[in-house]
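Below are the chains, spelled out letter by letter.
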Amino acid sequence: MSETRILVTGANGQIGNVLTNELRKKFGTYHVLATDIQKNANDPHYEFLDILNAVRMRELIGDFGITQVYHLAAILSAGGEYNPMKTWNVNLNGWISVLEIARELGLDKVFFPSTIAVFGKTTPRELTPQHVPMQPDTIYGVSKVTGELLNHYYFQKYGIDVRSVRYPGIISYQSVPAGGTTDYAVEIFHAAKKGEKYECFLAENTRLPMMYADDAIAGTIQLMDAPVENIKCRMGYNLAAMSFTPGELYAEIKNHYPDFEIEYKPDFRQKIAESWTEVIDDSEARKDWGWNHRFDLKAMVAEMVENV
Ligand code: NAD
Ligand code: SER
């Protein structure tokens, strides 16, 4: 078996930043190549890569002897609505290039991050099962459902070992998200820390599935490490930790910052949030490869307050 060498796309993003660090702890800095279209002068093992440049992607994968790709680069739900054509192009053509290169060069494994945005109004909103009708309202959701279908296609046709989860909204202190509908759940901590009133772009009672970044990263690495025979689903595995509303998050943060104030001013992201589900059933991930979360609302807020 070849030595593990990983390429991460979108490594400067909210998840890419944390995941790259964690992968480097496990495999070593020079075994994990960070790539992005945002420059990162401080990263010792970084290359500029626009995922739409398939020739350059193939070159990097060949030159660095890459065996696994974690493909994080994408345009997210809210940002995607400003430019649907670009979102389709980046989110789908980038991914199909990774799959084609995996097929041509015989990569060991590839990872595709899917999302709760694959769900839509035809999906049950409570305890959303793994296999459900998916009719998303955003171009981001449409691109991720199609990405999941490509996972299934490349696995059954070419045997590509593609693994995927549907992340809930991710909460991290290391990096600030941009362009997502769940971003409020990170922004709110920065406002509280600065002693500023927070203007929340979702309504007080909008319940969404969420997860602390440490859990998301641990789950991702656990999925990629799992024996191949345990992976029963090549579309995105449902992955859950907690579900809360902005009102419930605010109340928990207020336990740490008693004077913290919030005002609810829902914008176009409210409609997106309402098209998603509230609570996810992730029992298949728990059964197949032993997924388990560590952080609930209280534990996550305590960590965020300490570290932001
Ligand atoms: P992010 O927006 O923070 O980061 C995306 C990164 O991709 C950015 O650094 C950006 O520069 C890069 N990028 C954009 N276009 C590119 C291109 N053409 N070529 C190369 N890089 C490009 O996103 P994130 O929150 O870190 O999400 C990572 C992945 O996880 C995405 O695929 C997203 O759909 C998925 N996901 C994220 C969340 C979440 O809450 N953060 C939830 C569900 C799924
Ligand atoms: N957190 C992401 C978003 O809001 C979900 O994929 O777009």
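Everything discussed here concerns the structure shown above.
Residues numbered from 1 in each chain as written. Chains lettered and ligands numbered in written order. Predicted model: local features only at pLDDT ≥ 70, side-chain atom pairs only at ≥ 80, totals over all residues. Heavy atoms only, no water.

(A) Here's a closer look at the site of ligand 2. Around ligand 2, a shell composed of Leu 76, Ser 77, Thr 115, Tyr 140, Gly 180, Thr 181, Thr 182 and Trp 276 is seen. Within the contact set of ligand 2, an oxygen atom lies 2.6 Å away from a side-chain nitrogen or oxygen of Ser 77. In the model, a nitrogen atom of ligand 2 is placed 2.7 Å from a nitrogen or oxygen of the Thr 182 side chain. For ligand 2, whose free accessible area comes to 230 Å², the fraction covered by protein is 93%. Looking at side-chain class alone, the shell around ligand 2 contains 3 nonpolar, 5 polar and no charged residues. (Near = heavy atom within 4 Å. Polar contact = N/O pair within 3.5 Å; in protein donor to acceptor, adjacent residues only side chain to side chain. Areas by Shrake-Rupley, 256 points an atom, 1.4 Å probe, with all protein chains shown as cover. Nonpolar A, V, L, I, M, F, W, Y, C, P; charged D, E, K, R; others polar.)

(B) How the structure looks around the packing of helix 2 (residues 54-63) against helix 4 (residues 84-105). Put simply, helix 2 and helix 4 touch, their axes get as near as 10 Å, and they point 40° apart. One way to sum up the angle between helix 2 and helix 4 is to call them oblique. As helix 2 runs across helix 4, the sense of the crossing is right-handed. The residues of helix 4 that touch helix 2, namely those facing Ala 54, Met 57, Arg 58, Ile 61 and Gly 62, are Gly 94, Ser 97, Val 98, Ile 101, Glu 104 and Leu 105. A breakdown of the residues in the contact of helix 2 with helix 4 according to their chemical character gives 6 nonpolar, 3 polar and 2 charged. (Axes fitted to C-alpha atoms, helices over the stretch in contact; angles between N-to-C directions. Helix = DSSP H or I, 4+ residues; strand = E, 2+ residues; numbered from the N terminus. Parallel < 35°, antiparallel > 145°, perpendicular 65-115°, else oblique. Left-handed = near helix turned anticlockwise from the far one by under 90°. Contact = heavy atoms within 4.5 Å.)

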